[in-house]
Amino acid sequence: MHKMLVEKEVQPHRRSGLMTYRPKMAKKLLRKSPSSSNKFNSANMTDDFQLHLDSSDDDAPEEVTFEESKASALRSMKNALETSKREKDLLKEKRRKRQELFQEQKKRRLLPAHILEEIDTAPAKKQKLPGDQAESNHEEASCSWEEGREGSKEGYEKETKKGFKGNIRSLKGNYSVMRVADQSSTNSQQQTAMDFIQARLYGPGSQRTTNNELLSLENKRGPNKSAAMQFVNKKWGTEKKAKAEKLKKQWIQKQKVPSS
Amino acid sequence: MGEFKVHRVRFFDYMPTAIRAMAFNAHTERLALGRMDGSVEIFNFADHYFQEKVIPGKDSRSIEALCWVGGRLFSAGLNGEITEYDLENLRPKYSLEAYGGPIWTITSNSQGAHLAIGCEDGTVKLFEVLEESIQFERNLDRQKGRIISLSWHPSGTQIAAGMMDMIRVFDAVSMLLVDRGFGGSKSRETVVWSVVFLSDCTIISGDSAGKVQVWDGHTGTLVKTHLVTKWDVLALSVSKDESSVVVGTSEGTVIQFQFIAPTLQQQQDKEWVRTRTFKNHTHDVRALAEIETAIVSGGMDTQLVVRPLLEKFDERSHASALRKIQFPHRNLVFCAKKAGLLLFQFPGQLELWRLGESDGHGENLTHMDGKREMGKYSQYHAHYCRSRQPIHLMTNSVDGKWLATANSDCEIHVYNVQKLKLHCIVPVYGSCPSAMGIHPTTNNLTMVHADQQIFEYSIVEKQYTDWSRKLQKQGLHNLWLDRDTPVTHVTFNPKNPEQILLHDMHMFCIIDQSLPLPDQKTQFYNQMTLRSLSEQERPSHLHAFKICKTFQDLLSVSLLDDQSLVMVERPLLAITSQLPAPVRQKKFAT
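Residues numbered from 1 in each chain as written. Chains lettered and ligands numbered in written order. Predicted model: local features only at pLDDT ≥ 70, side-chain atom pairs only at ≥ 80, totals over all residues. Heavy atoms only, no water.

Peer 1: Can you explain the overall build of chain A? Please cite residues and give values.
Peer 2: Within chain A one finds 10 helices and 0 strands. Tracing chain A from N to C terminus, the helices and strands come up as α-α-α-α-α-α-α-α-α-α. For chain A, buried positions account for 18% of its 260 residues. On chain A, roughly 22,200 Å² of surface is accessible, and the fraction owed to carbon and sulfur atoms is 55%. (Helix = DSSP H or I, 4+ residues; strand = E, 2+ residues; numbered from the N terminus. Buried < 20%, exposed > 50% of the residue type's maximum accessible area, 1.4 Å probe, protein only. Areas by Shrake-Rupley, 256 points an atom, 1.4 Å probe, with all protein chains shown as cover.)

Peer 1: Go over helix 4 (residues 66–109) of chain A with me, naming the residues and quoting the values.
Peer 2: Under the 1.5 Å per step criterion, the end-to-end length of helix 4 of chain A is 65 Å for 44 residues, consistent within 8% with the ideal 64 Å. Here helix 4 of chain A has its buried residues at S69, A73, S76, A80, T83 and E87 of chain A. (Expected span 1.5 Å × (residues − 1).)

Peer 1: Can you tell me about the state of the cysteines, naming the residues and giving the values?
Peer 2: Each disulfide consists of one covalent bond between the sulfur atoms belonging to two cysteines. Residue and element names in this part refer to chain B. This model, assessed by the stated rule, comprises 0 disulfides over all chains. In this structure C67 is not part of a disulfide, and its nearest cysteine sulfur, from C119, lies 14 Å away. Accessibility expressed as a relative area gives 6% for C67, which makes it buried. Under the relative-accessibility criterion, C119 is labelled buried at 0%. (Disulfide = S-S within 2.5 Å.)

Peer 1: Quick one: what's the story with empty space enclosed by the protein, residue by residue and with numbers?
Peer 2: All names here are of chain B. Throughout the structure, instances matching the rule amount to 6 cavities of 30 Å³ or more. When its volume is computed, the largest cavity comes out at roughly 130 Å³. Forming the boundary of the largest cavity are 16 residues, of which F327, P328, P486, T488 and M505 lie nearest the centre. Of all elements in the fold, only strand 29 (323–325) and strand 46 (554–559) reach the threshold of two or more residues within the lining of the largest cavity. Here the lining of the largest cavity is built from residues that sort into 7 nonpolar, 5 polar and 4 charged. Roughly 50 Å³ of internal volume is contained in the second largest cavity. H48, F50, R323, H329, A450, Q452, R483, D484, T485 and P486 are the residues that line the second largest cavity. For the lining of the second largest cavity, a count of residues per class yields 3 nonpolar, 4 polar and 3 charged. (1 Å grid on protein atoms, 1.4 Å probe; cavity = no way out; pocket = protein on both sides within 12 Å on 5 of 7 lines; lining within 4 Å. Points joined across faces, edges and corners; volume = space filled by probe spheres on them. Nonpolar A, V, L, I, M, F, W, Y, C, P; charged D, E, K, R; others polar.)

Peer 1: Tell me about the packing of aromatic side chains, residues and numbers included.
Peer 2: Residues and elements named next belong to chain B. Applying the stated criterion across every chain, the model contains 20 aromatic pairs over all chains. Measuring from centroid to centroid gives 5.1 Å for F259 and W272, while their planes differ by 35°, and the two rings are tilted. Residue F259 is found in strand 24 (residues 253–260), and its partner W272 is found in strand 25 (residues 271–279); the two are separated by 13 residues along the sequence. Classification of F259 by relative accessible area gives partly exposed; the value is 27%. For W272, a relative accessible area of 8% corresponds to the buried category. (Phe/Tyr/Trp six-rings, centres within 6.5 Å; stacked < 30°, edge-to-face > 60°.)

Peer 1: Hey, could you go over the interface of chain B and chain A for me, with residue numbers and the actual values?
Peer 2: Between chain B and chain A, the contact holds 44 residues from the first and 28 residues from the second. Across the chain B/chain A interface, buried area totals approximately 2,800 Å², and carbon plus sulfur atoms make up 58% of it. The interface formed by chain B and chain A holds 2 salt bridges in total. Among the ionic pairs, R208 of chain A bridges to D284 of chain B, the shortest N-O distance being 2.8 Å. At the junction of chain B with chain A, the criterion picks out 10 residue pairs in polar contact (both at pLDDT 80 or more). Residue composition of the side of chain B that touches chain A, by class: 17 nonpolar, 14 polar and 13 charged. (Contact = heavy atoms within 4.5 Å. Buried area = accessible area lost by both parts, 1.4 Å probe. Salt bridge = Lys/Arg side-chain N within 4 Å of Asp/Glu carboxyl O. Polar contact = N/O pair within 3.5 Å; in protein donor to acceptor, adjacent residues only side chain to side chain.)

Peer 1: Provide a residue-level description of the pairing of strand 28 (residues 304–308) of chain B, including the pertinent values.
Peer 2: Residues and elements named next belong to chain B. Summarising burial for strand 28: 5 of the 5 residues are buried, a large majority. Burial along strand 28 is two-sided: L304, V306 and P308 and V305 and R307, pointing in opposite directions, are all buried. By the bridge criterion, 5 bridges tie strand 27 (residues 294–299) to strand 28 in an arrangement that is antiparallel. Each bridged residue has a counterpart across the sheet, and for V296 the counterpart in strand 28 is V306. Linking two consecutive strands that pair antiparallel, namely strand 27 and strand 28, is a turn of 4 residues; a positive phi of about 65° is found at T302 within it. Relative to strand 29, strand 28 runs antiparallel, the two being bridged by 3 bridges. When the sheet's bridge partners are listed, V306 is paired in strand 29 with R323. (Pairing = 2+ DSSP bridges.)

Peer 1: Can you break down the confidence of the model for chain B residue by residue, with the values?
Peer 2: Averaged over chain B, the pLDDT score is 87; the fraction of residues at 70 or greater is 92%. This prediction of the complex comes with two scores: 0.74 for pTM and 0.83 for ipTM. (pLDDT = per-residue confidence, 0-100.)

Peer 1: Go over the side chain of H413 of chain B, please, and point to the residues and values.
Peer 2: All names here are of chain B. Structurally, H413 is set in strand 36 (residues 412–416). Residue H413 is classed as buried on the basis of its relative accessible area, which comes to 7%. Within the structure, H413 has its side chain in polar contact with the side chain of E411 (distance 3.5 Å).

Peer 1: Which residues make up the pairing of strand 31 (residues 341–345) of chain B, and what values do they have?
Peer 2: Regular strands show a simple pattern: their side chains alternate between the two faces of the sheet. Residues and elements named next belong to chain B. Across the 5 residues of strand 31, 4 count as buried, placing the element largely inside the fold. Here strand 30 (residues 333–336) runs beside strand 31; their pairing, made up of 4 bridges, is antiparallel. When the bridges of strand 31 are listed, A336 appears paired with L341. The hairpin turn running from strand 30 into strand 31, its antiparallel successor, is 4 residues long, and G340 in that turn takes a positive phi close to 70°. Where strand 31 meets strand 32 (residues 349–354), 5 bridges bridge the pair, whose relative direction is antiparallel. Bridging from a neighbouring strand, L343 pairs with L352 of strand 32. Here strand 31 folds back onto strand 32 in antiparallel fashion, the turn holding 3 residues.

Peer 1: An account of helix 8 (residues 188–202) of chain A is needed here, citing residue identities and associated values.
Peer 2: Since the α-helix advances by 3.6 residues per turn, residues separated by three or four positions end up pointing in the same direction. In this model helix 8 of chain A runs 20 Å from its N-terminal to its C-terminal C-alpha over 15 residues, within 8% of the 21 Å that 1.5 Å per residue would give. Q190, A193, F196, I197, R200 and L201 of chain A are the residues of helix 8 of chain A that are buried. Mapping the buried residues of helix 8 of chain A onto a view down its axis gives an arc of 120°, with all of them on the same face. Against the buried residues of helix 8 of chain A lie strand 2 (19–25), strand 10 (103–108), strand 18 (192–197), strand 22 (233–238) and strand 26 (285–290) of chain B. (Arc of directions from axis to C-beta.)

Pasting the structure below:
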């Protein structure tokens, strides 16, 4: 029975329930045994016992004292408690590790610390911009009241105030300012409608061809049959074209020099 | 003619926009055209199909359908708004959000009291047309699919709505189920792109499977199916007397169905029979209108085609010929003559180019983005002109003293710029002026109208010049009057004060006022003949109109101070190469 209890690590509470139940049962059974050890000749009891205790046919039942059984019961309870405690600790450990991992990921997503520092300290450096002269004056005016209160920390206050209010942020890197009003105002319904009509007329199954083919067919079937239309691709021979341009410019320069 | 050095300019990448919708107003004989970039154009069909007004488009505005209610123009688009246009000030009057999602179609009933719109969310919304605005009235039962097309019954009591895979007739029990068709895709739903409701309760529909179906609106049954194309049938239009229906397809064909008896026997019932097929477009036809004497079609190839119906004309004449309107009827290129600079006008930007020396390549100086400016002269006009119509033409004299303006009411005013007041009003002529120019030395105003008439008016004397009276008396040559594109630019030769240079899309002409005017029997296009004649014979054969057809698809012709001509051409082939994809047609032996 103990073996079973150790293997099944899934349900601690049930186990302890079982555990607490079994010893009582065992106690009952065992208790019964000393008191009724002499009266073990009743058939029912013997049968039960043999089913439960797995003893040989002719031997007398083992003599187990009350103390012993109590001790073993207590031991098993302790073990059970310890196992559950261990499991709780394990869970706690797992949870802690997970939390750490999330913190790590969050940290990675934020900007590295040095950039944030830069952003915070930058406004303090840019106090002399013309457009913000008024603002910085305003800032200083509001700061001066604070300054009055906390004399020694003046400089630090100013900087932090400015950093806090953040009138200009010199964001380095590929940022651009865009207004929502400038964005295309097609909402999703309109976009769905446009996609619908585009799909019906030009989507799959619409059997479309190119303008090139249309014009080529006209050439082939017209009264004066001629070759297929070939559209000029401006990307052809870009290097050659660039070289020709350069030579042309040089030649024009040469022409101008002798005449001037 | 003289010899000129020519700068042949082809680097103006002018790209017209595809036509999306059109609506014809039979009372005023105006056609409203909606393009994919949101711009609206008004053509005067009574005045030689002249492009009277242009309302530029905006990115946020989308036009899916147009409709007239009396003299008022409404449009609806995928941005979910109904817009009414102010045709006098050439801008939208107001936009009303319909709250049904993108709007696919808008139509008015024959009484002009209600507007119905078909929305993406499956509702048909009815609006009441009030004096100065429209007001929401109610929704019809919401359907499961989007409403792509609508048509009122002439009585105004029923509406037929074309949706996905079916046609629903509101205020009636029937719901007509459109078959998915013979075409390959059984998995895709059939879209009923267009539907018309006739007064005898017949419904004709065109769908994406290429079928034109005739339904009985009373019983809700299919009477006849015509498979006209492998691709989609995109547009439908019915004539006023309901005897003819025209259908536009993705192939670029326009097919006519007529309600006639199929055989000559008297007892035969009339039915809808396919009669004519027109192939005037290379790309999808998305907008159609059948007017009294012609079929007007437009689509992705950006050309407006007017095909007069020959049975309505007694004889073959200029009026019964096919007309294609490809370029706008106004000047998009401005030339600085001394500096040799060209300014190109695009819908959202201006480009300034300098003309090159010998190779004709221009150098692009700047690339300016900006709105179209009328110039500072416009503020003077606002003070002094009482007309409510917008000005579409303006020209000033070289000495800066005079300014002439023309509006779409065919009124031409001349202002004295120095004194800032109206100098005179030129007598109104029936046709709208398409080009004007003031002579640098004589200060004579030369006007060319949409019907190709030419007038010369002396600003100083406030009357027509003698030459102009002579021309009117003689009359212009028939070949000149038969031209189908208007003159868009008039300019002069500073070295030869008797020459007037003008051009239209297909020709460039120098009028020499010192030469005799041609009469009807003279050979009009005589430049080639003159070249073959000897020196002695030539003078007797000369006439005033010297026409050159070497340069085609002209957008502008100007004369620089150094006597070199600048021809700005935009080959139609270059435009075609940049259009969206056409359908693939399998032709035998290709």
